[in-house]
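# Overview (structure and organization)
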Amino acid sequence: MRRIRLHIKNNRAGEEVFRTTPARLRAAFARRPQARGVVSARIDWDFDNFDASLATADGLVTWDLPTADLAARAPALKWIHVIGAGVDHLTPLDWLPPGVTLTNNSGVHAEKFADYARMALLMLWTRMPRLASAQAARRWDPVFTGPIAGGRITIVGVGKMGGVIAAEARRLGLTVTGVSRSGQRVRNVDVMHPPTRLRRALKGADIVAVATPLTPATDGLIGAREFAAMKPGAGFLNVGRGPVVATPALLAALRSGHLSGAVLDVFDTEPPPRASPLWRAPNLLMTPHVAADDLESYAPRTLDLVLDNALRLAGGRKLRNRVDPEAGY
Ligand code: GLV
């Protein structure tokens, strides 16, 4: 096996949940003793030692990076691991030097996200966004809903996150429709559609959940026509990326009452500006991009994936969670 040297870039401005600390790294090596002696890793902050270290690194673990002239600055680099599922902040990926593989954290989120997904589905079903709006306005607004079992959900984007929503929806007794680029069958989804049938797939759903990555194909995917295609009284969830949904169209659908409520974890700008109409929109619950990020397990699971892939690289094997640079996810 080849020896692999990793550069791990932490961001001082980033949240603690995403950081690789020496203790977290030691624990990851203890869980994977076979990586000892094969993989070495240097933890660094922002750009303190970035260029000097990258000059000889085989792998870079990071959220972001300066992409210009990467091949010249990092001649040994074979692999970049992004510590998030979405890599839209780095797209288009035309800067990726040939021979450098990009991987992401897709799936690292699954366990915590299952709780969030179940919660959001139940909240939308029981009209919790509306009840919370009523409480904030000191209004007694009894809404009676039946059991969730027997309802219908449509999930737009059935990758790892969407797949978790599908599993939770199934457990709650919902009938599940999915939309994906390929339209191919997915576990826990009863009927799949390709994007060309998006509006048909939205019809009849009590809850519509969006979990796509942000790519040129999904930017603005859910707009006025898509909301109009949804059943009156539907609930709406976005856990993918903010720009996939046209915010003015969402606000109009909430204000008119066409949607019974929405739960959003992602936004065009995070945090949304103080002047954003989202803060005061009726029947909207906002969570600050926390649906899938878990303080106890996010960093350890990330490092498990990183060490596993580093061993694969050392052994000349294919890496897990490769991003398709053309598709952008
Ligand atoms: C979070 O949104 C991620 O992309 O990991």
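Residues numbered from 1 in each chain as written. Predicted model: local features only at pLDDT ≥ 70, side-chain atom pairs only at ≥ 80, totals over all residues. Heavy atoms only, no water.

## Comments concerning the overall build of the chain
We apply this condition: Numbering of helices and strands runs from the N terminus; a helix is a DSSP stretch of H or I covering at least four residues, while a strand is a stretch of E covering at least two. This radius of gyration counts C-alpha atoms alone. The globule rule is 2.2 Å times how many residues there are, raised to the power 0.38. Partly exposed describes any residue whose relative accessible area lies between the buried limit of under 20% and the exposed limit of over 50%, with all areas from a 1.4 Å probe on protein chains only and scaled to the type maximum. Areas reported here follow the Shrake-Rupley algorithm with a probe of radius 1.4 Å; residue values treat only the protein chains shown as occluding. A residue counts as positive if it is Lys or Arg and as negative if it is Asp or Glu; His and the chain ends are not included. We put the charge of a Lys on NZ, of an Arg on CZ, of an Asp on CG and of a Glu on CD.
Counting its regular elements, the chain contains 10 helices and 12 strands. In terms of overall dimensions, the chain is globule-like: its C-alpha atoms have a radius of gyration of 21 Å, near the 20 Å expected for 329 residues. Reported as C-alpha extents along the three principal axes, the dimensions of the chain are approximately 60 × 40 × 35 Å. Within the chain, the proportion of its 329 residues that are buried is 51%. Only carbon and sulfur atoms are counted for the fraction: they give 55% of the accessible area of the chain, which is about 15500 Å². Taken as two groups, the 43 positive and 29 negative side-chain charges of the chain have centres that lie 5 Å from each other.

## A few points about the pairing of strand β4 (residues 79-82)
We apply this condition: Two strands qualify as a pair provided that DSSP identifies no fewer than 2 bridges between them.
Residues of β4 alternate between two faces, with Trp79 and His81 on one and Ile80 and Val82 on the opposite face, all of them buried. Examined bridge by bridge, β4 and strand β5 (residues 101-103) share 3 bridges and lie parallel to one another. Looking at β5, one finds that histidine 81 is bridged to threonine 103.

## Some words on the sheet that holds strand β8 (residues 191-193)
Quick reminder of the rule: Angular values range over 0 to 180 degrees, each being the angle between N-to-C directions of two axes fitted as lines to C-alpha atoms, with helices fitted over their stretch in contact. For this analysis, residues touch if any pair of their heavy atoms sits within 4.5 Å.
Strands sit in the order β8-β7-β6-β9-β10-β11-β12 across an open sheet of 7 strands; the sheet is parallel. Sheet topology places β8 and β12 (284-286) at the edges, where each strand pairs with a single neighbour. Neighbour-to-neighbour, the strand axes of this sheet turn through a mean angle of 15°, independent of strand direction. Here helix α6 (residues 160-171) sits on the sheet in contact with β6 (152-156), β7 (175-179), β9 (207-210) and β10 (234-238), set at roughly 170° to β6. Contacts between helix α9 (residues 247-255) and the sheet are confined to β10, β11 (259-264) and β12, with β11 contributing the most and set at about 135° to the helix.

## Quick word on the domain arrangement of the chain
Bring the parts together and some accessible area is lost; that lost area is often taken as the interface size. Here is the rule we go by: For the purposes of this description, domain bounds are those given by an automatic or database domain assignment. In short, buried area is how much 1.4 Å probe accessible area vanishes from two parts on joining, totalled over both. Definition used for salt bridges: Asp or Glu carboxyl oxygen within 4 Å of a side-chain nitrogen of Lys or Arg.
Each domain of the chain was delimited in the assignment, giving domain 1 (4-108 + 294-314) and domain 2 (110-286). Here the C-alpha centroids of domain 1 and domain 2 sit 32 Å apart. Opposite the 8 residues of domain 1 that make contact, domain 2 presents 6 residues. A per-residue breakdown of the area domain 1 buries against domain 2 is headed by Asp88, Gly107 and Asp294, which together make up 55% of the total. Where domain 1 packs against domain 2, one counts 2 salt bridges.

## Points about the pattern of salt bridges
Per the stated rule, a full pass over the model turns up 20 salt bridges. When the shortest N-O distance is used, the salt bridge between lysine 231 and aspartate 206 registers 2.6 Å. Taken as a pair, lysine 231 in the loop between α8 (224-229) and β10 and aspartate 206 in the loop between α7 (198-202) and β9 lie far apart in primary sequence, 25 residues in all. Overall, the relative accessible area of 32% leaves lysine 231 in the partly exposed class.

## Topic: the sheet that holds β4
A sheet is described by the order of its strands in space; here 5 strands give the open sequence β2-β1-β3-β4-β5, paired in parallel fashion. Of all strands in the sheet, those bounded by a partner on one side alone are β2 (39-45) and β5. Across this sheet, the average inter-strand angle for adjacent strands is 20°, counted without regard to direction. In the packing of helix α10 (residues 298-314) onto the sheet, the strands contacted are β1 (4-10), β2, β3 (59-62), β4 and β5, and the crossing angle to β4 comes to about 165°.

## Side note on the site of the ligand
The test is simple: Here a residue is considered near a molecule or strand provided that any single heavy atom belonging to it is located within 4 Å of it. N or O atoms closer than or at 3.5 Å make up a polar contact, with two conditions inside protein: a donor-capable atom paired with an acceptor-capable one, and, for residues adjacent in sequence, both atoms drawn from side chains. Gly counts as polar in this scheme, as do all residues outside two lists: the nonpolar Ala, Val, Leu, Ile, Met, Phe, Trp, Tyr, Cys and Pro, and the charged Asp, Glu, Lys and Arg.
As a structural note, the neighbourhood of the ligand is formed by Gly84, Ala85, Gly86, His109, Arg241, His289 and Tyr298. One of the backbone N or O atoms of alanine 85 is found 2.7 Å from an oxygen atom in the ligand. Within the side chain of arginine 241, a nitrogen or oxygen atom sits 2.7 Å from an oxygen atom of the ligand. Look at the ligand: alone it shows 190 Å² of surface, and the protein chains cover 86% of it. Its residues assigned to classes, the shell around the ligand shows 2 nonpolar, 4 polar and 1 charged.

## Some remarks on the nonpolar core
Note the cut-off: In plain words, nonpolar cores are sets of buried Ala, Val, Leu, Ile, Met, Phe, Trp, Tyr and Cys residues tied together by side-chain atoms within 4.5 Å.
Core analysis: the biggest nonpolar cluster contains 30 residues, and Phe113, Leu121, Ile153, Ile165, Leu237 and Val239 have the highest contact counts within it. Elements that contribute at least two residues to this core include exactly α4 (110-125), β6, α6 and β9. At 8 residues, α4 tops the list of elements feeding residues into this core. Leaving out residues up to four positions away in the same chain, leucine 121 has contacts with Ile148, Ile153, Ile165, Glu168, Ala169, Leu172, Leu174, Ile207 and Leu237. Met230, Ala262, Phe267 and Ala281 belong to the second-largest nonpolar core, a separate cluster that totals 28 residues.

## A short note on the pairing of β11
The line we're drawing: Assignment of crossover handedness uses the view with strands pointing away from the viewer, where a clockwise path from the first strand over the helix to the second indicates a right-handed crossover.
Burial of β11 is extensive: 6 of the 6 residues sit out of reach of the surface. Viewed along the sheet, the connection from β10 through α9 into β11 turns out right-handed.

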